[in-house]
Amino acid sequence: MTIKSTHPLRLWRINQQMTLAELAELVGLSKPYLSQIENGDKQPSPEAAKRLSKRTKIPVGEFAL
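Keep in mind that this is a model prediction, so the values were computed, not measured. Residues take numbers from 1 onward in each chain, read along the sequence in its written order. Reporting in this predicted model follows two pLDDT cut-offs: at least 70 for local features of residues, and 80 or more for side-chain atom pairs to be given and counted; totals over whole chains, interfaces and linings ignore these cut-offs and use all residues. By convention in this description, side-chain values take in all heavy atoms of the structure and omit both hydrogens and water.

Undergrad: I keep staring at unusual backbone geometry and nothing clicks. Help me out?
TA: For residues besides glycine, phi is generally negative; the peptide bonds are generally trans as well. Phi is positive for Gln17, close to 55°, though the residue is something other than glycine. Looking at the element boundaries, Gln17 is found in the loop between α1 (8-15) and α2 (20-27). Although it is not a glycine, Lys57 adopts a positive phi angle of roughly 65°. In this description a helix means any DSSP run of H or I spanning at least four residues, a strand means any run of E spanning at least two, and both kinds are numbered starting from the N terminus. In this structure, Lys57 sits in the segment after α4 (46-56).

Right under this line is the structure:
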């Protein structure tokens, strides 16, 4: 059995007690897009990674998991 690690974005959001919808509004990205990033189904575009990094202080490199 493989255990999938939790994406840093999800950890940050949970720590901030923020919903996915609230994060989507904060960074100007769609809720489904952010969900795909958190689930590891999609990597953010370079622009989206910069936007997320700016708001969350998560290094851009952390989004390339």
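Undergrad: It is not clear to me how the environment of Leu23 should be interpreted in this structure. Could you clarify?
TA: Relative to the elements of secondary structure, Leu23 occurs in helix α2. Remark: the alpha-carbon pair of Leu23 and Leu52, spanning 29 residues in sequence, is separated by 9.2 Å. Once residues within four sequence positions are removed from consideration, Leu23 is found in contact with Leu9, Trp12, Arg13, Met18, Leu34 and Glu38. Two residues qualify as a contact provided that any one of their heavy atoms is within 4.5 Å of a heavy atom in the partner residue.

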